[in-house]
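Structural features, examined
Listed below, chain by chain, are the residues.
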Amino acid sequence: MYRAWNEKEKASIVKNTIYALKLVWKIDKGLPIGYLMTIVSEKIFSLFIQNVLFLKILLSAIDGNKDISTYIKYLALFFGISAVSKIIKWFGNYWSHLATKRVLQGLNNLVFNKAVSLDISCYEDPDFYDNYQRATNVLQNGYFDIICWNVATILGNTIAFACIITTVVAINPIYLCFLLPVVFVFAVQILRNKLLYKRNVEMTRNNRVKAYVQRTVFLRDYAKDIRTSNIFVVLMKRFESVIKSNIQIYKKYGIKLFLCSLLSSLFGEFIPMIGTYAYAGYEFIYTKSLTISGFSVVLSSINSIRFAVLQLAECFDEMSFIAMYFQDLRRFFDYEEKIVGGTLKAKKFNKLEFKNVTFTYPGASKPSLENVSFTINKGETIGIVGVNGAGKSTLVKLLLRFYDADSGEILYNDVNIKDYDVSSLRNSYATVFQDYKNFAISVYENVICHECTDEEKELAKEAMKKSGAWSKIKTLSNGGDTVLTREFEEDGVGLSGGESQKVSTARLFARDFEIAILDEPSSALDPIAEYKMYNNLVKATENKTVIYISHRLSSATLSDKIIVIDKGKLIEQGTHQELMEQGGVYSKMFELQASNYNKEANSDE
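Since we're looking at a predicted model, the values are computed, not measured.

Read from one edge of the open sheet, 4 strands run β2-β1-β4-β5, paired in antiparallel fashion. Every other strand in the sheet has two partners, leaving β2 (369–377) and β5 (415–416) as the edge strands with one partner each. Across 5 bridges, strand β1 (residues 351–359) lies against strand β4 (residues 407–412) in antiparallel orientation. For K355, the partnering residue across the bridge sits in β4 and is E409. Here helix α11 (residues 392–399) sits on the sheet and contacts β1, β2 and β4; the angle it forms with β1, its principal contact strand, is near 115 degrees.

Structure follows, in structure tokens:
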């Protein structure tokens, strides 16, 4: 299951880096190999061969009064090695550039596939969202690419560093004393990155609020409400509040981070540079134990070492920081679903039964359903009614195994639904949700839910005729091929709430199913459109099983059986006539709604 980030939890830089490299290597080996070819060859050539080795060779040749032919041979060798380094660098860049695109696609596929397999409960957990946002930084900021570049850079600089140190120690081992403090730079960087990560973790929730406000202001869905109310003031106060909170968090870590930078500069630059320059000058001027070539090589070496150490520190700094985000990604991938299916395949439907089912949402104090029992037989049309918040939609979530009941059981053909393969079970249902969603793809694809053949387009057209959507869709410039929303297409179209719901409902008419579940399928429709859609539904689902959830009782009158839910409990069930004769909750609700419809009709007249 999901574990929230714990401040005391230790993030292993080495383990997370290895995890990141293994993940990238599995998707495309070309990315780390390309960077190794490019950077290792470049660092060894530029920092050691060019700045130290050949400088030493050439100055030694001059000091030793070698002839011009020897000097030219050295130069020719240098240019040859330089050409080989450039060729290796070019090929490495080419491979890594192509591999970056493939790794990004591969990682996105892994994240998307994991996301759609997560339990619905994850989407109601703020800690999960915080972790998920940090995990997706790996993709959004290209951290997988950066960590490969950093590992290659660290390896290249380390090899060059070792070669340079060997050369300097050969001149005089005392210089090693001035270079040892650079080791402390890495310890300082580890501390600095842990502080940065903790700071960003504290800011994650604030940043999500900030992003929500920024997004909401520009979304069409909220534009009218923002412009006709004072809600914008509330949003801005929330926005300003999280900005102030972030400022306090910055101040909290500011001095510590400044001290880390100060110590890093002291150990990485000041001590090595001043110490080496001072002692080299002493040897060259006073003791005369250092030749001009040796003096030049030492100074050039210390500059190369300084550059290598600074880049090593920066890479280690960045890599250790990024490695912590790979820990979030790792935690995301390691999430274990609570909803685990069995091996059975759902067959033709005969009977569905709730037996003493009780369920409480995570974090809630009261159950949403309590000891609910009823049976649905093949071919029945069942109306589940009740006021908003009664627990009607919770029944659907349990049927689809978005959640599992706390106690009791749900049986499909006398078998507990937990014993069925989850996908097989869900494919037995055709579901239209109250909070329906259409996507920025063509109307046909929204109905069929995949890329359509010409035959499937005809199927989608017939389905929209039954849902009432086709009368609007056929008037669009590209008909059913029109893309919904203008988010990506200039000739896209935005539909009204009612038309959008009709398109969503058409999915039900376009597929074969065992049980149709309609959770408030007409909430955005006017009474006439609702009546037409329901009549079409009755015809299309003849001999099928239909579960119709609604707080509008007029459509429930055609049901074979009506189940009344109130405060999570089943309080009444029977036909419309039976419930009206009982004079209970259903009867009172129906009479109240009927009187309201009569008032509206009279006022229209």
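After that view, the rundown keeps rolling.
Attention now moves to the sheet that holds strand β3 (residues 381–385). If you walk across this open sheet you meet the 6 strands as β6-β7-β8-β3-β9-β10, and the pairing is mixed. With one partner strand each, in any of the chains shown, β6 (429–432) and β10 (569–574) form the two edges of the open sheet. Each strand axis lies, on average, 15 degrees off the axis of its neighbour in the sheet, ignoring direction. Two strands pair when backbone bridges link them, and β3 and strand β9 (residues 561–566) are joined in this way by 4 bridges, in the parallel orientation. If you follow I382 over to β9, its bridge partner there is K561. Against the sheet, α11 makes contact with β3, β6, β7 (515–519), β8 (545–550) and β9, and its axis sits at roughly 140 degrees relative to β8, the strand it touches most.

Moving on: unusual backbone geometry. One non-glycine residue, N356, lies in positive phi territory at about 50 degrees. Tracing the backbone through its elements, the reader meets N356 in strand β1. For N356, a relative accessible area of 42% gives the class partly exposed. Of note in this structure, K567 is not a glycine but carries a positive phi near 50 degrees. Tracing the backbone through its elements, the reader meets K567 in the loop between β9 and β10. Under the relative-accessibility criterion, K567 is labelled exposed at 71%.

A few words on helix α9 (residues 231–287). In this model α9 runs 80 Å from its N-terminal to its C-terminal C-alpha over 57 residues, within 8% of the 84 Å that 1.5 Å per residue would give. The sharpest bend along α9 measures roughly 40 degrees and falls at G254.

Below, the discussion takes up the packing of aromatic side chains. With the rule as written, the count across this model stands at 12 aromatic pairs. Aromatic side chains F354 and F374 sit 4.7 Å apart centroid to centroid with 15 degrees between the ring planes, which places their arrangement in the stacked category. Separated by 20 residues along the polypeptide, F354 in strand β1 and F374 in strand β2 bring together distant segments of the chain. With a relative accessible area of 1%, F354 lands in the buried category. On the numbers, 6.1 Å between centres and 25 degrees between planes, the contact of Y586 with F590 is stacked. Taken together, the residues Y586 and F590, both in helix α19 (residues 585–604) and 4 residues apart, mark about one turn of the helix. In textbook terms, an aromatic cluster arises when at least three aromatic residues are bridged by ring pairs, as seen for W90, F91, Y94 and W95.

Once that is clear, we can look at the confidence of the model for the chain. Per-residue pLDDT for the chain has a mean of 81; in total, 88% of the residues score no lower than 70. Throughout residues 1–10 the model reports pLDDT below 50, and contacts reaching past four residues in sequence, or to other chains, amount to 23 contacts. Confidence drops under a pLDDT of 50 for residues 597–605, and excluding neighbours within four residues, the segment shows 2 contacts in the predicted structure.

Sheet topology places β1 next to β2; 6 bridges connect them, and they run antiparallel. Considered in β2, the bridge of E353 is made with T375.

This next bit is on a nonpolar patch on the surface. Together, W25, I33, I87, W90, F91, Y94, W95 and L98 line one region of the surface with nonpolar side chains, adding up to about 820 Å² of accessible area. A per-element tally of the nonpolar patch places helix α3 (residues 68–117) first, with 6 residues. As for its placement among the helices and strands, W95 is situated in helix α3. Given the relative accessible area of 39%, W95 is considered partly exposed.

The subject of this paragraph is the nonpolar core. In this structure, L31, F144, F326, L329 and F332 are the most contacted members of the largest nonpolar core, which totals 47 residues. Of all elements in the fold, only α1 (13–27), α2 (30–63), α3, α4 (126–140), α5 (143–171), α7 (182–218), α9 and α10 (292–333) reach the threshold of two or more residues within this core. Once residues lying within four places of it in the same chain are set aside, the contact partners of F144 are V24, L31, T100, V103, L104, L107, V138 and F326. In this structure, L352, F374, F402 and I515 belong to the second largest nonpolar core, which totals 34 residues.

When its volume is computed, the largest pocket comes out at roughly 1800 Å³. Lining the largest pocket are 47 residues, and of these I120, L400, F402, T431 and F433 lie nearest its centre. For the lining of the largest pocket, the secondary structure elements donating two or more residues are α3, α11, α12 (422–426), β6, α13 (443–448), α14 (454–467) and α16 (497–509). Among the residues making up the lining of the largest pocket, the classes are represented as 24 nonpolar, 10 polar and 13 charged.

About the cut-offs
- Residues numbered from 1 in each chain as written.
- Predicted model: local features only at pLDDT ≥ 70, side-chain atom pairs only at ≥ 80, totals over all residues.
- Heavy atoms only, no water.
- Pairing = 2+ DSSP bridges.
- Helix = DSSP H or I, 4+ residues; strand = E, 2+ residues; numbered from the N terminus.
- Contact = heavy atoms within 4.5 Å.
- Axes fitted to C-alpha atoms, helices over the stretch in contact; angles between N-to-C directions.
- Buried < 20%, exposed > 50% of the residue type's maximum accessible area, 1.4 Å probe, protein only.
- Expected span 1.5 Å × (residues − 1).
- Bend = angle between axes of the 7 residues up to and from the residue.
- Phe/Tyr/Trp six-rings, centres within 6.5 Å; stacked < 30°, edge-to-face > 60°.
- pLDDT = per-residue confidence, 0-100.
- Patch = residues over 30% accessible without salt bridge, like charges linked within 9 Å, V, L, I, M, F, W, Y side chains within 5 Å.
- Areas by Shrake-Rupley, 256 points an atom, 1.4 Å probe, with all protein chains shown as cover.
- Salt bridge = Lys/Arg side-chain N within 4 Å of Asp/Glu carboxyl O.
- Core = buried A, V, L, I, M, F, W, Y, C linked by side-chain atoms within 4.5 Å.
- 1 Å grid on protein atoms, 1.4 Å probe; cavity = no way out; pocket = protein on both sides within 12 Å on 5 of 7 lines; lining within 4 Å.
- Points joined across faces, edges and corners; volume = space filled by probe spheres on them.
- Nonpolar A, V, L, I, M, F, W, Y, C, P; charged D, E, K, R; others polar.

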